[in-house]
Amino acid sequence: MPLTRLNLKVGERIVSVALDLDERRPNETTILRDLRAGRLYEPDVSQAIARIVGEGDVVVDVGANIGYFSALLGAIVGSSGRVLSFEPGAENLARLRANLAANALANVTIIEAAASDAAGDIAFYVNRDNSAGNALWNPGLFPGNDKSKANASVVRLRATTLDDEIQRLGLPLPKLIKIDTEGAEHKVLQGARRLLQGAAVPYVLAELHAFGLTQMGSSQEALRAIADASDRAAVIEATSHGLALDRVGAIPFAAGILTNLTRDHLDFHGSVEAYHEAKLRLVAAIRSSSASRAAPRCQPIWRSGFDVPCGKMPITAPLSSNRPASEIAARSPPPRSRSEEHTSELQ
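Caption draft 1: Region of the structure containing the overall build of the chain. The number of helices and strands found in the chain is 13 helices and 12 strands. Buried residues in the chain amount to 52% of all 347 residues. The long-range fraction of contacts in the chain, counting pairs at least 24 apart against all pairs at least 6 apart in sequence, stands at 69%. A total accessible area of about 15,900 Å² is found for the chain, and carbon and sulfur atoms account for 51% of it.

In structure tokens form, the structure reads like this:
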């Protein structure tokens, strides 16, 4: 199948990544749709990575899936850097290897194991509805995962810890640990005690999956306790779904960044106005949080189609174009060729 190429301006250089994306797989369709529309996949995470990571850095990608972030990280750190990519799912591993091979990324090391709080044998559940939702708990319990509910699939595989793998490979401290493990984030962090001690690793970027955390016997409060104990700040991807359903209600936010507001989530929210109100919940949370030491200020830190004063978020961007109001701009339309070119630029 044709490769989809992402050309991303990071600082003064262009980082190029080619991705082999299969439209028959739901997790890959989402990435492909975003890139074809001139958007970055998970723009908040992609943007943070592009600003934090540089050439020569060591970074860790836990829950690498098909390799979008591992390939992007590998291209950014270059031959002098190193990426440690954790992925236990057999189908995702094959796709991950294909995408790393397409970019000749010899600086990415794949760990074919689940990252957890201890080494050993572990139950791993395959999500039959979407392989982006493989987990250490039964995804059939999550609303809407009908195939997984009707036919649960669980395998036993190896678990390891971030501390053990960094030591085994003799790597220096990572600049960034990125975690997306559908609720196992707490266990991953528990397995990185040495790395996190004294905030030695400067950046941890973790998804917050409230339902998955509950299934794993953890909670938002438990994740917050890790941040407090390490004397560090936690960066959380708070989706409009999570805000609307109060899944991040226990998190005291000190600051927030709005990355986009498009029509992509209207199937959930029902209207642009409801989507807008869900986003505003983050502003309200910052205002009422004890973690915010000063009155919140809303100011643009990049080119945006929105004017965002605190407490009021008027919609000024044209939503009919289905384009995000963010700094991501498509530089050229997708060509009709074997390799689809998409250029996104961080200003």
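There's plenty left to go through after this.
Caption draft 2: How the structure looks around the sheet that holds strand E8 (residues 153-160). One open sheet accounts for three strands, arranged E6-E8-E7; its pairing is mixed. Since the sheet does not close on itself, it has two edges, and those belong to strand E6 (114-115) and strand E7 (120-126), each with one partner. The pairing of E7 with E8 spans seven bridges and is classified as antiparallel. The residue bridging Tyr125 from the neighbouring strand is Val154, located in E8.

Caption draft 3: Broad picture of the packing of aromatic side chains. Taken as a whole and judged by the stated rule, the model has five aromatic pairs. With 5.5 Å between their ring centres and 55° between their planes, Trp137 and Phe211 make a pair best called tilted. With Trp137 in the loop between E7 and helix H5 (146-150) and Phe211 in helix H9 (residues 210-215), this residue pair connects regions lying 74 residues apart in the sequence. Of the aromatic side chains, those joined through ring pairs into one cluster are Tyr41, Tyr68 and Phe69.

Caption draft 4: Seen up close, the pattern of salt bridges. All chains considered together, the criterion is met by 17 salt bridges. Among the ionic pairs, Arg24 bridges to Asp22, the shortest N-O distance being 2.9 Å. Residue Arg24 is classed as exposed on the basis of its relative accessible area of 71%. For Asp22, a relative accessible area of 9% puts it in the buried group. Here Arg156 makes a salt bridge to Asp121, at a shortest N to O gap of 2.8 Å. Residue Arg156 is found in strand E8, and its partner Asp121 is found in strand E7; the two are separated by 35 residues along the sequence. For the pair formed by Arg156 and Asp121, the shared burial category is exposed. What emerges from the salt-bridge pattern is a single network uniting Asp20, Arg25, Glu28, Glu91 and Arg95.

Caption draft 5: Examining the packing of helix H2 (residues 43-52) against helix H3 (residues 68-77) more closely. Two elements in contact, H2 and H3, have axes whose closest approach is 11 Å; the angle formed by their N-to-C orientations is 20°. Comparing the axis directions of H2 and H3 gives the class roughly parallel. Of the two elements, H2 crosses H3, and the hand of that crossing is right-handed. Along the contact surface, H2 presents Val45, Ser46, Ile49 and Ala50, while H3 presents Tyr68, Phe69, Leu73 and Ile76.

Cut-off values and rules
Residues numbered from 1 in each chain as written. Predicted model: local features only at pLDDT ≥ 70, side-chain atom pairs only at ≥ 80, totals over all residues. Heavy atoms only, no water. Helix = DSSP H or I, 4+ residues; strand = E, 2+ residues; numbered from the N terminus. Buried < 20%, exposed > 50% of the residue type's maximum accessible area, 1.4 Å probe, protein only. Contact = heavy atoms within 4.5 Å. Areas by Shrake-Rupley, 256 points an atom, 1.4 Å probe, with all protein chains shown as cover. Pairing = 2+ DSSP bridges. Phe/Tyr/Trp six-rings, centres within 6.5 Å; stacked < 30°, edge-to-face > 60°. Salt bridge = Lys/Arg side-chain N within 4 Å of Asp/Glu carboxyl O. Axes fitted to C-alpha atoms, helices over the stretch in contact; angles between N-to-C directions. Parallel < 35°, antiparallel > 145°, perpendicular 65-115°, else oblique. Left-handed = near helix turned anticlockwise from the far one by under 90°.

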